[in-house]
Amino acid sequence: MWHAPWIPWLEWDQFRAAFNPMIVPNSTLVSSLFNEDREWDFQLSAIWMVPSVASSLNLIPRLPNNHEDKLIWKDATSGEFSTRVAYKSIIKSRRAENDPIWGHIWKLKISERMKLFLWKLGRDILPFGERLQRIFGNEVMCAICDEQEDSAVHLFCHCPLAKSLWLASPWGVRSEELNLYSSLQLLKWLLEPPPLLQHGNFEVEEFRKFGISLCFTLWSVRNQAFHEHVRPSFLITFNRIKSLVAELNSVFISPQDSSIDQSSLDAGLEVLQGEFVVFVDAACKDLRSVAGIIVTKANSEVVEAFSAQLQAVLPLEAEAWALLHAVHRCLSQGWHNVTFAVDCQLLVWGIKARKTPNWRAAGVFARLLDALDCIPSASVVWIPRTGNEKAHKLAKWSFNSYQFGFFNAEELAPLVAI
Ligand SMILES: [Zn+2]
């Protein structure tokens, strides 16, 4: 009970603090908190733990009773120990990487150089004069206007050149009025523009591309002015920003758009063989999730369609539960020559490898493998999301309308166009 952090969502110090301080640590086992049916005994748990933890123990995913216990390394997604994840766990607390802004930078569809630039901006390690002054003590003025101290907030917001560029942008931003005091604040403003700015047909993505291009260009213009004493013109700088935005638009097309081509769709549909093809998907949001399942004959005639509420938090967990529902349905109907079509690659990969891709889904995953073992002639294949539209729409509609159970083709027609 005391010597392993077995409550998944608690860090070690939180875990220790979850226990009743009046109880002396001894060698009690966690299983002593189970009743005869191997469910949590909440009355007993309430003696051991603070009420908020005791009452949420049922959220701990558990392996089915016929499975052996497994040791999980919490910081590894797979739950498996390796020296690599151990090292990451050790340095985790030392890296101040907890702010989601850093993760956001690496996911942007911009060049690696621009990402590095944004990262340096946020970390305040771009070699501005103000920074050099903190080290060497001599004041450095802005190389562009020579009016104020050379700093990130000045160059990107207050310098006359920056002001006119922002004002000429499609959003007509008055950058001198922004209350930004650090380069980290500026970075956050660029990546997550405040709702106040967002009116009309404001496109966050467009704004980001422009803002990042503006700062990136200004930094290079500033360096040129600093080293070569060249005064940049508004027009040339503005055109450089515009061509950089155009470059981002043409080179960095989002991967979702490019993956939906006809060949991958055909490749997915080609493998949908068998007497029955069962399309499975899950909708998952705000700790709720719903399965959408559509059973068709090989000639794509719909046999039945149903939805079900799921007990899942992770999207992967929801997909696994949805598939488990579909497998159970086929077992109960005696349908054995079945192909299950899902659009979650991680799930299909895990089934093929007989290994849960995420230990948090270990419980449902074990059940799923057991259930699939009961229909050896069935197969699970991955199809692209576009090939799974119907199940996807059914899950989404059911999620939003709170209607669950079986639906006939008539009820579904307007929604999923079967
Ligand atoms: Zn200036």
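Residues numbered from 1 in each chain as written. Predicted model: local features only at pLDDT ≥ 70, side-chain atom pairs only at ≥ 80, totals over all residues.

**Student:** So what about the overall build of the chain? Which residues, and what values?
**Tutor:** Of the regular secondary structure elements, the chain holds 19 helices and six strands. Classification of the 418 residues of the chain by burial places 28% in the buried group. Taking as baseline every contact in the chain between residues at least 6 positions apart, the subset at least 24 positions apart corresponds to 62%. (Helix = DSSP H or I, 4+ residues; strand = E, 2+ residues; numbered from the N terminus. Buried ≥ 20, exposed ≤ 12 C-beta atoms within 10 Å, placed from the backbone. Contact = placed C-beta atoms within 7 Å.)

**Student:** An account of the pairing of strand 3 (residues 302-310) is requested, with residue identities and associated values reported.
**Tutor:** In this sheet, strand 3 lies alongside strand 2 (residues 288-297) in antiparallel orientation, the contact comprising eight bridges. The residue bridging I294 from the neighbouring strand is A305, located in strand 3. In sequence, strand 2 turns back onto strand 3 through a hairpin of four residues, with S300 there showing a positive phi of about 65°. (Pairing = 2+ DSSP bridges.)

**Student:** Residue-level account of the nonpolar core, with values.
**Tutor:** One finds V278, V280 and L323 to be the most contacted residues of the largest nonpolar core, which totals 48 residues. No other element matches the 10 residues that helix 15 (residues 315-333) contributes to this core. Sequence-distant contacts of V280, that is, excluding residues within four places in its chain, are made with A291, I293, A322, L323, A326, F340, A341, V342 and A391. Core analysis: the next-biggest nonpolar cluster, separate from the first, contains 32 residues, F128, A143, L155 and L244 among them. (Core = buried A, V, L, I, M, F, W, Y, C linked by C-beta atoms within 7 Å.)

**Student:** Give me the packing of helix 6 (residues 112-122) against helix 10 (residues 183-191): which residues, what numbers.
**Tutor:** Closest axis-to-axis distance for the helix 6/helix 10 pair is 7 Å, and the angle between their directions is 135°. When the axis of helix 6 is compared with that of helix 10, the two are oblique. Facing L118, L121 and G122 of helix 6, the residues of helix 10 in contact are S183, L184 and L187. Residue classes in the contact of helix 6 with helix 10 are distributed as four nonpolar, two polar and no charged. (Axes fitted to C-alpha atoms, helices over the stretch in contact; angles between N-to-C directions. Parallel < 35°, antiparallel > 145°, perpendicular 65-115°, else oblique. Nonpolar A, V, L, I, M, F, W, Y, C, P; charged D, E, K, R; others polar.)

**Student:** Go over the sheet that holds strand 1 (residues 276-285), please, and point to the residues and values.
**Tutor:** Strand order in the open sheet made by the six strands is 5-4-1-2-3-6, with mixed pairing throughout. Sheet topology places strand 5 (379-382) and strand 6 (405-407) at the edges, where each strand pairs with a single neighbour. Neighbour-to-neighbour, the strand axes of the sheet open up by a mean angle of 25°, direction not taken into account. One ladder, built from three bridges, connects strand 3 with strand 6; its direction is antiparallel. Bridged to F306 within strand 6 is F406. Lying over the sheet, helix 15 contacts strand 1, strand 2, strand 3 and strand 4 (338-342), oriented at roughly 145° with respect to strand 1. Helix-sheet contacts for helix 16 (residues 345-353) involve strand 4 and strand 5, and the interaxial angle to strand 5 is about 145°.

**Student:** Hey, could you go over the packing of helix 15 against helix 17 (residues 362-373) for me, with residue numbers and the actual values?
**Tutor:** Running from amino to carboxyl end, helix 15 crosses helix 17 at an angle of 25°, the nearest separation of the two axes being 9 Å. Considering the angle they form, helix 15 stands roughly parallel to helix 17. For helix 15 against helix 17, the interelement crossing comes out left-handed. On the side of helix 15, the interface is formed by E317, A320, W321, L323, L324, V327, H328 and L331, while helix 17 contributes V364, F365, R367, L368, A371 and L372. The residue makeup of the contact of helix 15 with helix 17, split by class, is 11 nonpolar, one polar and two charged. (Left-handed = near helix turned anticlockwise from the far one by under 90°.)

**Student:** If you had to explain the pairing of strand 4 to someone new, which residues and values would you point to?
**Tutor:** The side chains of a regular strand alternate between both faces of the sheet. Of all five residues that make up strand 4, five are buried, and the element is covered over most of its length. Neither face of strand 4 is exposed, since V338, F340 and V342 on one face and T339 and A341 on the opposite face are all buried. Here strand 1 pairs with strand 4 via five bridges, running parallel. Bridge pairing in strand 4 links V277 to T339.

**Student:** Tell me what's going on with the environment of T237, and back it up with residues and numbers.
**Tutor:** By secondary structure assignment, the location of T237 is in helix 12 (residues 234-251). Taking the C-alpha atoms as reference, T237 lies 8.7 Å from L214; in sequence the two are 23 residues apart. T237 has contacts with L161, L165, T217, V221 and P232, leaving out every residue within four places of it along the chain.

**Student:** Tell me about helix 6, and please be specific about residues and values.
**Tutor:** Turning to helix 6, its buried residues are L118, L121 and G122. The buried side chains of helix 6 occupy one side of the element, clustering within an arc of 95° when seen end-on. Across helix 6 from its buried face, at more than 90 degrees, point the exposed residues E112, R113 and L116. Those residues of helix 6 hidden inside the fold are in contact with helix 5 (100-107), helix 8 (152-158), helix 10 and helix 11 (204-228). Just downstream of helix 6 lies D124, where phi reads positive at about 55°. (Arc of directions from axis to C-beta.)

**Student:** Explain helix 15 residue by residue, including any values.
**Tutor:** An ideal rise of 1.5 Å per residue puts 27 Å on 19 residues; helix 15 measures up with 27 Å between its terminal C-alpha atoms. Positioned one or two residues after helix 15, G334 has a phi angle of 75°, which is positive. (Expected span 1.5 Å × (residues − 1).)

**Student:** Help me get a handle on the confidence of the model for the chain, residues and values and all.
**Tutor:** A residue-level look at the chain finds 89% of positions with pLDDT of 70 or above and a mean pLDDT of 84. Contacts from residues 254-268, a stretch scored under 50 in pLDDT, to residues over four places away or in other chains number 13 contacts. (pLDDT = per-residue confidence, 0-100.)

**Student:** Help me get a handle on unusual backbone geometry, residues and values and all.
**Tutor:** Leaving glycine out, the prevailing phi sign among residues is negative, and the prevailing peptide bond configuration is trans. One non-glycine residue with positive phi stands out, namely R38, at about 60°. Position of R38 among the secondary structure elements: in the loop between helix 1 (12-17) and helix 2 (42-48). For R38, a count of 9 C-beta atoms within 10 Å gives the class exposed. Its identity as a non-glycine residue notwithstanding, D146 has a phi of 60°, on the positive side. On the secondary structure map, D146 appears in the loop between helix 7 (129-136) and helix 8. Since 10 C-beta atoms lie within 10 Å of it, D146 is described here as exposed.

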